[in-house]
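For reference, the chains in residue letters:
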Amino acid sequence: MAFEKFKGAATRKAVGATVDGVLKYVNKDRVKGLNRLVDISEYLVGDLYPDAVFDGARRMIADPDNKWMKYVNSMLDDLDPHVVKTHILNIGYQAGFYGYAKTNRFEEEHGYRIPWIILMDPTSACNKHCIGCWSAEYGNRLNLSYEDLASIVRQGEELGIYFYMMTGGEPLVRKDDIIRLAREFPKSMFYAFTNGSLITDEFAETMRELGNISLALSIEGFEGDNDARRGEGSFQEVVKAMEILKNHGLVFGTSICYTSKNYKMVTSDEFLDFLIDHGVRYNWYFHYMPVGNEASTELLLTPEQREYMYHRVREIRDFDGGKPIFTFDFQNDGEFVQGCIAGGRFYCHINPNGDVEPCVFIHYSNANIHDKTLLECLSQPLFQEYQKHQPFNCNHLQPCPMLENPEILGKIVHDVDAVSTDLQSPETPEHLCAKCVDYAADWAPKAQELMAAHPHLTPAEVATLREEQRRQSQL
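Criteria and thresholds
Residues numbered from 1 in each chain as written. Predicted model: local features only at pLDDT ≥ 70, side-chain atom pairs only at ≥ 80, totals over all residues. Heavy atoms only, no water. Helix = DSSP H or I, 4+ residues; strand = E, 2+ residues; numbered from the N terminus. Phe/Tyr/Trp six-rings, centres within 6.5 Å; stacked < 30°, edge-to-face > 60°. Lys NZ or Arg CZ within 6 Å of the ring centre and 35° of its normal. Expected span 1.5 Å × (residues − 1). Buried < 20%, exposed > 50% of the residue type's maximum accessible area, 1.4 Å probe, protein only. Arc of directions from axis to C-beta. Axes fitted to C-alpha atoms, helices over the stretch in contact; angles between N-to-C directions. Left-handed = near helix turned anticlockwise from the far one by under 90°. Contact = heavy atoms within 4.5 Å. Nonpolar A, V, L, I, M, F, W, Y, C, P; charged D, E, K, R; others polar. 1 Å grid on protein atoms, 1.4 Å probe; cavity = no way out; pocket = protein on both sides within 12 Å on 5 of 7 lines; lining within 4 Å. Points joined across faces, edges and corners; volume = space filled by probe spheres on them. Polar contact = N/O pair within 3.5 Å; in protein donor to acceptor, adjacent residues only side chain to side chain. Pairing = 2+ DSSP bridges. Parallel < 35°, antiparallel > 145°, perpendicular 65-115°, else oblique. Right-handed = clockwise from strand over helix to strand, strands pointing away. Salt bridge = Lys/Arg side-chain N within 4 Å of Asp/Glu carboxyl O.

**Q** Just checking my understanding: could you explain unusual backbone geometry for this structure?
**A** Geometrically, the link from Gly168 to Gly169 is a cis peptide bond, its omega value of 10° lying close to zero. Position of Gly169 relative to the elements: it lies in the loop between strand E2 (163-166) and helix H7 (175-184). In the segment running from Gln390 into Pro391, the intervening peptide bond is cis, with an omega of -5°. Take Pro391: it is sitting in the loop between helix H14 (381-389) and helix H15 (406-415).

Structure, rendered in structure tokens:
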């Protein structure tokens, strides 16, 4: 173990020195500098990713008119060099190579996965009460202490986990502790989903100094649409936060919940141009989930609306056309990650009570960090049962055991005697999944049609989907 740590630290130091050289060289000859960075990446992680990834990067670099090459150049021109270097080291090397390789070895030795990312809630406190937000019901009562947070990261790093996302509540209610975490654990990345209202120049300057804190701003459209859900004045708070983060040369993106009401607005050219002009580099699109006893199903999308999102997100990020902003749709991009990533397969969630849950939207657990070690929590029966069933559907456009496969979640929860961890109003899996039954049945034929036509599938997978489509049509 000591030798492995030494070897990892030595390699990180060597990579850091190389990145310093590349960043300096990039300003003289970007094509040569970026190709050198690709060569180094292939040398380090070539066995983890297909050759096509690195060949595609070289083709992009060779084409100065390529949309994504312009995107890279814009980042190199506008972002703080220390922030760029720290992101490359912490996400690219520490989490993407060193940590990922370590978690893969764990799976080989123990037969189950531990996550690459931990999403945790420092607090249930929030200064907003957004419609459709499950955490809006939790109140301001619960917090993970700094000692709790540091213990999670300390144990996580031992296991190879170097990427920590934070939500809530509003995580920046605890921004002093987030800064303290980033200082204590400089090799890890800390990433917060925030409403933006607590971002100041002072905080942004500290982020620039540390380099290992990044933010995703919650926004649901332009002022009228956004403030109808998130409260009056919320839009202007986000705009101000964007301006501050952009002025400090920071990498930041958005977290966008799309619903039946706003899906076209949040993917429109006008809205995307607005985000790009304000320095946003990427969008995380999250499908509305009807979590909570009082959650409405009216915001769930129709099959036609979701199909629109499927095509539109791919159009936005296409190599030709679209917009120079990276977009990822967690529900419709399941094919790229082989379905559901929760339950410790790639990520899990720790709520502000310390309950370790499979997903931020799935509030059931067998384990709490106050009673067990992190490894014991990640090894809990619920997570192992989750992973036995993954993928929950051979069609990765139906990835979730709740939204698209509502018959599965209840069985898993009951089989392992997991309990509801909802902090406001405990909800049975039957009640939760009942809200998704009609949605799942309506979406299945369209999902099968889309996947069968998609070039990523093998002929055998296409045949399986067509047979499933035929079976569904006869029901």
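Next comes the rest of the description.
**Q** Teacher, can you tell me more about the packing of aromatic side chains here?
**A** Each aromatic ring pair is described using two quantities: the centre-to-centre distance and the angle formed by the ring planes. Here the structure, examined in full by the defined rule, presents 25 aromatic pairs. The structure contains a cluster of three or more aromatic residues connected by ring pairs, namely Trp116, Phe163, Tyr191, Phe193, Tyr282, Trp284, Phe286, Phe328 and Phe330. A cation sits over an aromatic face here: Lys264 above Tyr308, 5.2 Å from the ring centre.

**Q** Is there a simple way to explain helix H2 (residues 30-45) in this structure?
**A** Residues three or four positions apart in an α-helix share a direction because the helix packs 3.6 residues into each turn. The end-to-end C-alpha distance of H2 is 22 Å, a good match for the 22 Å that 16 residues give at a rise of 1.5 Å each. Within the span of H2, buried status applies to Gly33, Leu34, Val38, Leu44 and Val45. Taken around the axis of H2, the buried residues stretch over an arc of 140°, which confines them to a single face. When the buried face of H2 is taken as reference, the exposed residues oriented beyond 90 degrees from it are Lys32 and Tyr43.

**Q** I tried to follow the packing of helix H6 (residues 146-159) against H7 on my own but got confused; where do I start?
**A** To describe two helices that pack against each other, one gives the angle between their axes and the distance between the axes. The interhelical angle for the contact between H6 and H7, taken along N-to-C directions, is 35°, at an axis separation of 11 Å. H6 and H7 meet at a crossing whose hand is right-handed. Note on element contacts: H7 touches H6 through Asp177, Arg180, Leu181 and Glu184, opposite Tyr146, Leu149, Ala150, Val153 and Arg154. The class makeup of the residues in the contact of H6 with H7 is 5 nonpolar, no polar and 4 charged.

**Q** Please explain empty space enclosed by the protein as it appears in this structure.
**A** Gaps left between atoms show up when a probe the size of a water molecule is rolled over them. With the rule as written, the count across this model stands at 1 cavity of 30 Å³ or more. If you add up the space inside the largest cavity, you get close to 50 Å³. As for the largest cavity, its lining consists of Val291, Phe361, His363, Tyr364, Ser420, Asp422, Glu427 and Leu432.

**Q** Looking at this structure, I do not really get the side chain of Ser214. What am I missing?
**A** Positionally, Ser214 belongs in strand E4 (residues 213-218). Residue classification places Ser214 among the buried residues on the basis of a relative accessible area of 2%. At a separation of 3.0 Å, a polar atom in the side chain of Ser214 contacts the main-chain carbonyl oxygen of Val251. The contact partners of Ser214, leaving out residues within four places of it in the chain, are His87, Met189, Phe190, Tyr191, Ala192, Met207, Val251, Phe252 and Tyr282.

**Q** Quick question: what am I supposed to make of the side chain of Thr259 here?
**A** Tracing the backbone through its elements, the reader meets Thr259 in the loop between strand E5 (252-258) and helix H11 (269-277). Those residues in contact with Thr259, other than ones at most four positions away along the chain, are Tyr288, Leu299 and Leu301.

**Q** Even after reading the chapter, I still don't get the sheet that holds E2, so can you show me in this structure?
**A** Strand pairing in a sheet takes place through backbone hydrogen bonds and is either antiparallel or parallel in direction. The mixed open sheet is built from 9 strands, whose spatial order is E7-E6-E5-E4-E3-E2-E1-E8-E9. Sheet topology places strand E7 (326-329) and strand E9 (356-357) at the edges, where each strand pairs with a single neighbour. This element, helix H12 (residues 303-317), spans E5, strand E6 (282-287) and E7 of the sheet and lies at about 155° to E7.

**Q** It is not clear to me how H6 should be interpreted in this structure. Could you clarify?
**A** The terminal C-alpha atoms of H6, which comprises 14 residues, lie 20 Å apart, in line with the 20 Å expected from a rise of 1.5 Å per residue. Taken together, the buried positions of H6 are Tyr146, Asp148, Leu149, Ala150, Ile152, Val153, Gly156, Glu157 and Leu159. At the exit of H6 stands Gly160, carrying a positive phi of roughly 105°.

**Q** Whenever I open this one, the packing of H12 against helix H17 (residues 437-452) confuses me. Can you help?
**A** Running from N to C, H12 and H17 point in directions that differ by 40°, and their axes come no closer than 9 Å. Judged on the interaxial angle alone, H17 and H12 are oblique. Considering the relative orientation of H12 and H17, their crossing is right-handed. The segment H12 lies against H17, with Pro303, Arg306, Glu307, Tyr310 and His311 engaging Tyr439, Asp442, Trp443, Lys446 and Leu450. Its residues assigned to classes, the contact of H12 with H17 comprises 5 nonpolar, 1 polar and 4 charged.

**Q** Whenever I open this one, the pairing of strand E3 (residues 189-194) confuses me. Can you help?
**A** Two faces make up the sheet, and in a regular strand the side chains alternate between them. Within E3, 6 of the 6 residues are buried, leaving the element largely enclosed by the surrounding structure. On E3, burial covers both faces: Met189, Tyr191 and Phe193 on one face and Phe190, Ala192 and Thr194 on the other are all buried. One ladder, built from 4 bridges, connects E2 with E3; its direction is parallel. Paired with Phe163 across the bridge in E3 is Met189. Two elements, E3 and E4, share 5 bridges in a ladder whose sense is parallel. Paired with Phe190 across the bridge in E4 is Ile213. In this region the chain leaves E3, passes through helix H8 (residues 201-210) and returns to the parallel neighbour E4; the handedness of that crossover is right-handed.

**Q** Could you clarify how one ought to interpret the pattern of salt bridges in this entry?
**A** Where side chains of opposite charge bring their charged atoms close, a pairing between them can arise. Under the criterion given, the structure shown has 22 salt bridges. Between Glu335 and Arg314 there is a salt bridge whose closest N-O contact spans 2.6 Å. Of this pair, Glu335 sits in the loop between E7 and strand E8 (347-350) while Arg314 sits in helix H12; the two residues are 21 residues apart in sequence, bridging distant segments of the chain. Residue Glu335 shares its accessibility class with Arg314, and that shared class is buried. A salt bridge links Glu427 to Lys435; the nearest nitrogen and oxygen atoms lie 2.7 Å apart.

**Q** What's the story with the pairing of strand E1 (residues 117-120) in this structure? I'm lost.
**A** Burial along E1 is two-sided: Ile117 and Leu119 and Ile118 and Met120, pointing in opposite directions, are all buried. With 4 bridges joining them, E1 and E2 adopt parallel strand pairing. Opposite Ile118, over in E2, you have Tyr164 as the bridge partner. As paired strands, E1 and E8 are joined by 4 bridges and run parallel to one another.

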